[in-house]
Amino acid sequence: METMSLAAYGPWQHGPWQHGDGPGWWPVIPLAFGLFWLLLLGGGGYLLWRRTKTPARAESVLAERYARGEIDEEEYRERLAVLRS
């Protein structure tokens, strides 16, 4: 009986998580982990968005060059086909 009582009340019973106590900062770790993934996925989404946005900008520049008369209709259609492929 003596060994059981010593095992039940050893030095490990005085840690910060015993008897319902815990560090006050425990919610920080899950929030930081969630913020990390949010930033990672948001950054990846932003880079994909910028990458898909570029051809539309190139098409508008090409249309402006055609409107100013810098390129003729044939060259405009050829370059537009290259951009869209």
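Residues numbered from 1 in each chain as written. Predicted model: local features only at pLDDT ≥ 70, side-chain atom pairs only at ≥ 80, totals over all residues. Heavy atoms only, no water.

(A) Inspection of the pattern of salt bridges at higher detail. Counted by the stated rule, this structure contains 5 salt bridges. Linking Glu59 and Arg84 is a salt bridge whose minimum nitrogen-to-oxygen distance equals 3.3 Å. In this pair, Glu59 is assigned in helix α2 (residues 28–68) and Arg84 in helix α3 (residues 73–84), connecting sequence segments 25 residues apart. Take Arg84: its relative accessible area is 59%, and that puts it in the exposed class. In this structure, a network of salt bridges that share partners links the residues Arg65, Arg68 and Glu70. (Salt bridge = Lys/Arg side-chain N within 4 Å of Asp/Glu carboxyl O. Helix = DSSP H or I, 4+ residues; strand = E, 2+ residues; numbered from the N terminus. Buried < 20%, exposed > 50% of the residue type's maximum accessible area, 1.4 Å probe, protein only.)

(B) Structural detail: the packing of aromatic side chains. All told, the structure shown has 4 aromatic pairs when counted by the stated rule. With a centroid separation of 6.2 Å and an interplanar angle of 80°, the aromatic rings of Phe33 and Trp37 are classed as edge-to-face. Of this pair, Phe33 and Trp37 both sit in helix α2, 4 residues apart, which is roughly one turn of the helix. Given a relative accessible area of 53%, Phe33 falls into the exposed group. Look at Trp37 and you get partly exposed, because its relative accessible area is 38%. (Phe/Tyr/Trp six-rings, centres within 6.5 Å; stacked < 30°, edge-to-face > 60°.)

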